[in-house]
Amino acid sequence: MKKTLIMTTALVAVAGSVAAQDLTVMSWGGAYGASQIEAYNKPFAELTGKDIVMVDADNPATPIKAQVEAGNVTIDVADVEYSDAIRLCDEGLLEEIDMSTLPDAPDGTPAADDFVAGALTDCAVANIVWSTVFAYNTTNVEGEPTTMADFFDLEAFPGKRGLRKSAKANLEMALIADGVAAEDVYDLLETDEGVDRAFAMLDTIKDSVVWWEAGAQPPQLLADGEVVMSTAYNGRIFNAAVGEDQPFEIVWDGQIMDFDLFVIPKGAPNAELALEYISFATDTQRLADQAKWISYGPARVSSGALVGLYQDGVTEMAPHMPTAEANLENALVNNFEFWADRDAELNERFNAWLAN
């Protein structure tokens, strides 16, 4: 269930009162937060005897910035998107992490070589590979959408669409839907003409869009019939379809792959324990364990062979991962540095576009 930022603020205040003995971890809630509780928090608490306070936010980067700038940090560990990790680190709002403290792979491969390319930065350690995809409710759609262009085709597939209320992912998907090859998307977005073209494509469905802000919303919008298709985080759709038996189908064409990473806010009250938690949560076994609960790929190479069945004991998880070969045909890897540099500018334009 989506928790509001008001509730988040209240929980953070409570966490501050017990920070001396508890570790406060901020994440995104829903099925994703539940997977972290099962794979990381419960075994870490059992190992250390420390309680873990799990706090949800629509985007943990926002309260991190507010707390550090206010000098009142109550979060020890947070899970953030890659572009936010880069930006927050560049702004001096995160603790640097010594990657030599991360555990080696079981075969002795150093962590720096075991994590997939790009998964480690000065201030952040990746835990998952995830994707923004689009999905549809099979009971509310006639025919079978197979491409990103179908998402934008209101004539062939009439009905409301769900989109995240931000520029990121929407601009890329709009260009892919307009026929731009995935490998050319960011080159085009570097130009005014490319940005204009993306917004022009979004114009074609603007009046039919229901905007979402939290990851738990798209599955609910699809289930309630408020939209017939929605962009979403792939793991949230998997959880609804397989875990809750909803009639949802993911379309992998044009998926945008991303990392989520653990960070430690500057001035975290339990920074040493936070580093212990990150080292534990991102070891080979723990990252493989998380895949038992949600279809996000582990950020370590050595974890891949350990990924097995979903918690139902039946469903093979590998085909549902963003990194499965069949799902990569027209995939786009999020350009983290592009968004770290251009996020404020493009979201300002996006918000102005929304208001018109």
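Residues numbered from 1 in each chain as written. Predicted model: local features only at pLDDT ≥ 70, side-chain atom pairs only at ≥ 80, totals over all residues. Heavy atoms only, no water.

Talk me through the pattern of salt bridges; I want residue IDs and the actual numbers.
Tallying each qualifying case throughout the model produces 14 salt bridges. Across the pair Arg-164 and Glu-81 runs a salt bridge, and its minimum N-O distance is 3.1 Å. Here the residue Arg-164 occupies a position in strand E5 (residues 161-164), and Glu-81 occupies one in strand E3 (residues 77-81), the gap between them amounting to 83 residues. Exposure class is identical for Arg-164 and Glu-81. Each is buried. Between Asp-196 and Arg-349 there is a salt bridge whose closest N-O contact spans 2.7 Å. In this pair, Asp-196 is assigned in helix H9 (residues 192-203) and Arg-349 in helix H14 (residues 336-355), connecting sequence segments 153 residues apart. According to the relative accessible area criterion, Arg-349 is partly exposed, its value standing at 35%. One connected set of salt bridges, linked through shared partners, spans Lys-65, Glu-69, Asp-84, Arg-87 and Glu-91. (Salt bridge = Lys/Arg side-chain N within 4 Å of Asp/Glu carboxyl O. Helix = DSSP H or I, 4+ residues; strand = E, 2+ residues; numbered from the N terminus. Buried < 20%, exposed > 50% of the residue type's maximum accessible area, 1.4 Å probe, protein only.)

Tell me what's going on with unusual backbone geometry, and back it up with residues and numbers.
Here the phi dihedral of Ala-169 falls at roughly 80 degrees; this positive angle occurs in a residue that is not glycine. Within the secondary structure, Ala-169 sits in the loop between E5 and helix H7 (170-177). With relative accessibility at 10%, the residue Ala-169 sits in the buried group. A positive phi angle is found at Asp-245, which is not glycine, with a value near 60 degrees.

Provide a residue-level description of empty space enclosed by the protein, including the pertinent values.
Under the counting rule described, the total for this entry stands at 3 cavities of 30 Å³ or more. Taken as a whole, the largest cavity holds about 90 Å³ of empty space. Lining the largest cavity, in full, are Trp-28, Tyr-32, Glu-81, Ile-128, Trp-130, Tyr-233, Arg-236, Asp-260 and Tyr-296. Broken down by class, the residue content of the lining of the largest cavity amounts to 6 nonpolar, no polar and 3 charged. (1 Å grid on protein atoms, 1.4 Å probe; cavity = no way out; pocket = protein on both sides within 12 Å on 5 of 7 lines; lining within 4 Å. Points joined across faces, edges and corners; volume = space filled by probe spheres on them. Nonpolar A, V, L, I, M, F, W, Y, C, P; charged D, E, K, R; others polar.)

Tell me about the packing of helix H2 (residues 30-48) against helix H12 (residues 271-281), residues and numbers included.
Their axes nearest at 10 Å, the elements H2 and H12 cross at an angle of 120 degrees. The pairing of H2 with H12 is recorded here as oblique in orientation. Between H2 and H12 lies a crossing whose hand is right-handed. Facing Tyr-40, Asn-41, Pro-43, Phe-44 and Leu-47 of H2, the residues of H12 in contact are Leu-273, Glu-276, Tyr-277, Phe-280 and Ala-281. (Axes fitted to C-alpha atoms, helices over the stretch in contact; angles between N-to-C directions. Parallel < 35°, antiparallel > 145°, perpendicular 65-115°, else oblique. Left-handed = near helix turned anticlockwise from the far one by under 90°. Contact = heavy atoms within 4.5 Å.)

Just give me the short version of the packing of aromatic side chains, but keep the residues and values in it.
Under the criterion given, the structure shown has 19 aromatic pairs. Pairing Trp-211 with Trp-353 gives two aromatic rings, centres 6.1 Å apart and planes at 90 degrees, and the pair type is edge-to-face. In this pair, Trp-211 sits in strand E6 (residues 209-212) while Trp-353 sits in helix H14, placing the two residues 142 residues apart along the sequence. Taken together, a centroid distance of 5.8 Å and an interplanar angle of 75 degrees make the contact between Phe-262 and Tyr-277 edge-to-face. On the criterion of sequence distance, the pair formed by Phe-262 in strand E8 (residues 248-263) and Tyr-277 in helix H12 is long-range, its members being 15 residues apart. Since its relative accessible area comes to 0%, Phe-262 is described here as buried. In this structure Tyr-277 comes out as buried when scored by relative accessible area, which is 0%. (Phe/Tyr/Trp six-rings, centres within 6.5 Å; stacked < 30°, edge-to-face > 60°.)

Go over the pairing of strand E7 (residues 229-233) with me, naming the residues and quoting the values.
When you tally the buried positions in E7, you get 5 out of 5 residues, the bulk of the element. Covered by surrounding structure in E7 are Met-229, Thr-231 and Tyr-233 together with Ser-230 and Ala-232, the residues of both alternating faces. Sheet topology places strand E4 (residues 125-137) next to E7; 5 bridges connect them, and they run antiparallel. Bridging across to E7, Tyr-136 finds its partner in Met-229. Of the pairings in the sheet, the one linking E5 to E7 comprises 2 bridges and is parallel in character. (Pairing = 2+ DSSP bridges.)

Would you mind going over the environment of Thr-147 in detail, with residue names and values included?
Mapped onto the elements, Thr-147 comes out in the loop between E4 and helix H6 (148-151). What makes Thr-147 partly exposed here is its relative accessible area of 28%. Between the alpha carbons of Thr-147 and Val-180 there is a distance of 13 Å; along the sequence they are 33 residues apart.

Which residues make up the nonpolar core, and what are the values?
Residues Leu-23, Ile-64, Phe-115, Phe-259, Val-263, Tyr-277 and Ile-278 are the most contacted members of the largest nonpolar core, which totals 53 residues. Here this core gets 6 residues from one element, more than from any other, and that element is H12. Looking at this core, you find at least three residues from each of domain 1 (2-129 + 259-318) and domain 2 (131-257 + 330-355). With near-sequence residues (within four places) excluded, Leu-23 lies in contact with Phe-44, Asp-51, Ile-52, Val-53, Asp-76, Asn-270, Leu-273, Ala-274 and Tyr-277. (Core = buried A, V, L, I, M, F, W, Y, C linked by side-chain atoms within 4.5 Å. Domains from an automatic or database assignment.)

Help me get a handle on the domain arrangement of the protein, residues and values and all.
Assigned domains within the protein: domain 1 (2-129 + 259-318) and domain 2 (131-257 + 330-355). Just the C-alpha atoms count here: the centres of domain 1 and domain 2 sit 26 Å apart. Contacts between the two partners involve 22 residues from domain 1, matched on the other side by 19 residues from domain 2. Between domain 1 and domain 2 lies a buried interface of about 1,700 Å² when both sides are counted; carbon and sulfur atoms form 60% of it. Run the count over domain 1 and domain 2 and you get 2 salt bridges. Along the contact surface separating domain 1 from domain 2 lie 7 residue pairs in polar contact (both at pLDDT 80 or more). Those elements that provide at least two residues to the side of domain 1 that touches domain 2 are H2 and helix H4 (82-90). Top element by residues in the side of domain 1 that touches domain 2 is H4. It accounts for 4 residues. (Buried area = accessible area lost by both parts, 1.4 Å probe. Polar contact = N/O pair within 3.5 Å; in protein donor to acceptor, adjacent residues only side chain to side chain.)

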